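# Report on the structure
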Amino acid sequence: MLLTSLYIVGITAEGMSGALAAGRHNMDWFGVVFIACVTAIGGGSIRDVLFGHYPLTWVAHPEYLLIVCFAAILTTRIPYFVARFERTFLVLDAMGLAVFSVIGARVGIDLHPSGAMAVIGAVITGVFGGILRDIFCARIPLVFQKELYASISLLVGSLYVVCEWISANYFAMNQNLIIIACLSIGFVARLVAIRYHLGLPTFKYTPKS
Amino acid sequence: MLLTSLYIVGITAEGMSGALAAGRHNMDWFGVVFIACVTAIGGGSIRDVLFGHYPLTWVAHPEYLLIVCFAAILTTRIPYFVARFERTFLVLDAMGLAVFSVIGARVGIDLHPSGAMAVIGAVITGVFGGILRDIFCARIPLVFQKELYASISLLVGSLYVVCEWISANYFAMNQNLIIIACLSIGFVARLVAIRYHLGLPTFKYTPKS
Amino acid sequence: MLLTSLYIVGITAEGMSGALAAGRHNMDWFGVVFIACVTAIGGGSIRDVLFGHYPLTWVAHPEYLLIVCFAAILTTRIPYFVARFERTFLVLDAMGLAVFSVIGARVGIDLHPSGAMAVIGAVITGVFGGILRDIFCARIPLVFQKELYASISLLVGSLYVVCEWISANYFAMNQNLIIIACLSIGFVARLVAIRYHLGLPTFKYTPKS
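Residues numbered from 1 in each chain as written. Chains lettered and ligands numbered in written order. Predicted model: local features only at pLDDT ≥ 70, side-chain atom pairs only at ≥ 80, totals over all residues. Heavy atoms only, no water.

### Re the relation of the copies chain B and chain C
Convention followed: Here the copies were fitted onto each other by least squares, based on C-alpha atoms from residues at pLDDT of at least 70 in both.
Rotating chain B by 120° and translating it 0.0 Å along the rotation axis places it on chain C, where the RMSD comes to 0.0 Å. Taken together, the rotation angle and the small translation identify this as a three-fold axis. Considering only C-alpha atoms, the residue of chain B closest to the rotation axis is A138 of chain B, which sits at 3.5 Å.

### Some points on the interface of chain B and chain C
Going by this rule: Every residue pair with non-hydrogen atoms within 4.5 Å of one another is taken to be in contact. When two parts are brought into contact, each loses some accessible area as probed by a 1.4 Å sphere; the total of that loss over both is the buried area. As used in this structure description, the phrase polar contact means that two N or O atoms lie within 3.5 Å; if the pair is within protein, one of them must be able to donate a hydrogen and the other to accept it, and residues adjacent in sequence are counted only when both atoms belong to side chains. A run of DSSP states H or I qualifies as a helix once it reaches four residues; a run of E qualifies as a strand once it reaches two. Both are numbered from the N-terminal end.
Each side of the interface is counted separately: chain B has 35 residues, and chain C has 33 residues. Summed over both sides, the interface of chain B with chain C buries roughly 2800 Å², with 74% coming from carbon and sulfur. On the chain B side of the interface with chain C, the three residues burying the most area are F144, F203 and Y205 of chain B, jointly 31% of the side's total. For the interface between chain B and chain C, the tally reads nine residue pairs in polar contact (both at pLDDT 80 or more). Sort the elements by how many residues they give to the side of chain B that touches chain C and helix α7 (residues 116-136) of chain B lands first, with nine residues.

### Section: the packing of helix α7 (residues 116-136) of chain C against helix α8 (residues 150-169) of chain C
A packed helix pair is summarised by two numbers, namely the angle formed by the two axes and the spacing between the axes. All names here are of chain C. Inclusion rule: Whenever a helix is involved, its axis is fitted only over the stretch in contact; in every case the axis is a line through C-alpha atoms, and angles between N-to-C directions fall within 0 to 180 degrees. Helix crossings are classified by the rotation of the near helix relative to the far one: an anticlockwise turn of less than a right angle makes the crossing left-handed, while a clockwise turn makes it right-handed. Polar here means any residue other than Ala, Val, Leu, Ile, Met, Phe, Trp, Tyr, Cys and Pro, which are nonpolar, and Asp, Glu, Lys and Arg, which are charged; Gly is therefore polar.
Contact geometry of α7 with α8 gives a least axis separation of 8 Å together with a crossing angle of 145°. The way α7 lies across α8 gives a crossing that is right-handed. Two secondary-structure elements touch here, α7 through A118, V119, A122, V123, G126 and V127 and α8 through A150, S153, L154, G157, S158 and V161. For the contact of α7 with α8, a count of residues per class yields eight nonpolar, four polar and no charged.

### Focus: the UniProt feature "domain: Glycine transporter" (unreviewed entry) in chain A
Residues and elements named next belong to chain A. Counted only if it meets this: UniProt positions are given in the numbering used here, feature names are shortened, and annotations may be inferred rather than shown by experiment.
In the numbering adopted here, UniProt assigns the feature "domain: Glycine transporter" (unreviewed entry) to residues 6-75 and 91-163. In this annotation, residues 6-75 is assigned 86% helix and 0% strand; the end-to-end C-alpha distance for the span is 20 Å. Between the first and last C-alpha atoms of residues 91-163 the distance is 25 Å; the span itself is 73% helix and 0% strand.

### What about the UniProt feature "transmembrane region" (unreviewed entry) in chain A?
Residue and element names in this part refer to chain A. Residues annotated by UniProt as "transmembrane region" (unreviewed entry) correspond here to residues 64-82, 89-109, 115-136, 148-171 and 177-198. Here residues 115-136 is 95% helix and 0% strand, with 32 Å between the C-alpha atoms at its ends. Across residues 177-198, helical content stands at 86% and strand content at 0%; the span's end C-alpha atoms are separated by 28 Å.

### Observations regarding helix α7 (residues 116-136) of chain A
Residues and elements named next belong to chain A. Operational definition: Helix span, expected: 1.5 Å multiplied by one less than the number of residues in the helix. Relative accessible area decides the class of each residue, using a 1.4 Å probe on protein chains only: under 20% of the type maximum gives buried, over 50% gives exposed, and in between gives partly exposed.
For α7, with 21 residues, the first-to-last C-alpha span of 29 Å sits near the 30 Å given by 1.5 Å per residue. By the criterion of burial, α7 is predominantly enclosed, with 19 of the 21 residues buried. A138 occupies a position one or two residues after α7 and carries a positive phi of about 55°.

### What about the pattern of salt bridges?
Basically, it comes down to this: A pairing counts as a salt bridge when a side-chain nitrogen of Lys or Arg comes within 4 Å of a carboxyl oxygen of Asp or Glu.
Within this structure, the stated rule accounts for nine salt bridges over all chains. Between D48 of chain B and R47 of chain B there is a salt bridge, with the nearest N and O atoms lying 3.0 Å from each other. One exposure class covers both D48 of chain B and R47 of chain B, and it is buried. Where R139 of chain C meets D134 of chain C, a salt bridge forms, and the shortest distance between an N and an O atom there is 2.8 Å.

### Let's talk about the relation of the copies chain C and chain A
Between chain C and chain A, the superposition needs a rotation of 120° and an axial shift of 0.0 Å, giving an RMSD of 0.0 Å. The fraction of interface residues of chain C whose copies in chain A are also interface residues is only 11%, indicating that the copies meet through different surfaces.

### Comments concerning the interface of chain C and chain A
With 35 residues of chain C in contact, the opposing surface of chain A contributes 33 residues. Between chain C and chain A, the buried area comes to about 2800 Å², and carbon and sulfur atoms account for 75% of it. On the chain C side of the contact with chain A, F144, F203 and Y205 of chain C bury the most area, a combined 31% of that side's loss. Viewed at the interface, chain A and chain C are joined by zero salt bridges. Our count for the chain C to chain A interface comes out at nine residue pairs in polar contact (both at pLDDT 80 or more). Counting only elements with at least two residues in the side of chain C that touches chain A, the list comes to α2 (29-51) and α7 of chain C. The dominant element in the side of chain C that touches chain A, judged by the number of residues it contributes, is α7 of chain C, at nine residues. Class assignment for the residues of the side of chain C that touches chain A results in 25 nonpolar, six polar and four charged.

### Regarding the packing of aromatic side chains
How we decide: Planes of paired rings set the category: under 30 degrees apart is stacked, over 60 is edge-to-face and the rest tilted, where pairs are Phe, Tyr or Trp rings (Trp by its six-membered ring) whose centres lie within 6.5 Å. Charges are assigned to positions over rings by a cutoff of 6 Å between ring centre and Lys NZ or Arg CZ, combined with an angular limit of 35 degrees from the ring normal.
Evaluation of the coordinates by the stated rule reveals 36 aromatic pairs over all chains. Each ring, one from F34 of chain A and one from F136 of chain A, has its centre 5.1 Å from the other, and the planes form 85°; the classification is edge-to-face. Pair noted here: F34 of chain A is in helix α2 (residues 29-51) and F136 of chain A is in helix α7, with a separation of 102 residues, a long-range link. Take F34 of chain A: its relative accessible area is 10%, and that puts it in the buried class. Taking the centre distance of 5.8 Å and the plane angle of 50° together, the rings of Y7 of chain B and F100 of chain B count as tilted. Taken together, the residues span a long stretch of sequence, with Y7 of chain B in helix α1 (residues 2-24) and F100 of chain B in helix α6 (residues 86-108) at a distance of 93 residues. Comparing Y7 of chain B with F100 of chain B shows no difference in burial state: the two are buried. Three or more aromatic residues link up through ring pairs in this structure, and these residues are F30, F34 and F136 of chain A together with F128 and F144 of chain C. Against the face of Y196 of chain A rests R195 of chain A, its NZ or CZ located 5.1 Å from the ring centre.

Given below as structure tokens:
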């Protein structure tokens, strides 16, 4: 199925970026594999734990963990080769973000009639992997400070809810069509955000003392 | 119901304090909203996940998330106005602490006949939001070093267990009476702790090398 | 039962080492107790939450928490006495690692026919307590950088899976025998790793800019 194939590409890309982050902190192979797994599957795990959606994806499919571990170890052998494809990475990461968001939206949509949990599920799945990666590297998560990222998940999640709602109430749309539409729009929106350095406004607060 | 109204005041105050913390680290609006949500509802979420108590409050009631998000965004518009009411904040935070602790105690009381989980539930609900806020800002949690805070939750949780036990074995007390008694004592105890800078003893250990 | 007794020794040793870590950051008694609990029972809690294995051990047996709290407070009274027995600690910690790994393998073995979750369960239970301890002290987890540690859990978990598989398919082995074999090998392997400073290769990556 399309979503599964893209999901595998997504976790591979996320795993590699996690491995590079671990390498920046001189971690050993366990650290590299751990950070890679957390980056790739941490978002989905947090979502499933918060939603009580058991079993977790990687518990039912440990082969996904193997893929991430392999990608991580491979990255330690050819880090500069991997890093040279920075642009390719950004593209793969954008695709991963869109895929993770759609998957999160699908898991969350049945939890609340308003569709709010589809949006929350999209955001958690999309960004929490990167947040955990940074926490385990003891630094403030990048996603709180850089270009539009969580906003893309929010967009994808909202779009998914709207499509499902239209499909249920007005004219039935094919599930795959909805998925492809949400994926494409999220993917393009992320690339546009990177290209034009679009970001949310920043909040700077210095306590007067 | 009383507890629900106070809960909403509590998460609003916690959300605003979380937003200020995010502003101290120059986060963007997503970071602000994320830190605000984690501060306001993180404690209850951790409690529910550890206790297997599904669905989580904000999954069943996404409107609570909306309130926190609104409070956070509002704080970014008027940070110095919000910060000027520091004393009001401390009072609202004290109330939030008492409310969160009572709610945590109620969730935990049925999990173990000894009532131990009511006490643990009170402490987790009361302090974990602040702990997560600090972790996501990459600093050592304040609650490990300042005035009595977790101890207030411990007090509230223990008091709740004792009242429930008396109510079940000796003379029946009205649930609302128990709640109000626990709330008031926790609230006053926290204010006294702030006023007189009461804190737990500190443990300082420097490895000899 | 053997495993329970060793488990209690394990959480006591982990709780004491957590308390010393808290003391290095001048935490108050709540911080000390919190870090001690997280170090001692955090690994098992994360495993159970990820596996949906409820109730958590300490929810069903709050007495374990009491033991850890007592060990933590005791450590604050006699830190240098405790620290002087550094070698004893390393031995107890090695034993704790082996015990936690075996327990984790047993919890995970039924989740996936391949036995992969037994290995993952062993690693999570063995190392996540230390990872959480370091995260709550706002530093990069030690386990990503020092001697073989997670690898020992991996070894113990794999060994357990192999023994169970042989036992189920070829000739039945006594459960206690399997446990003792896995424990002993893990324990000895960890001591050998410490003695000879065996570690995994490190991955160092410096972005070219």
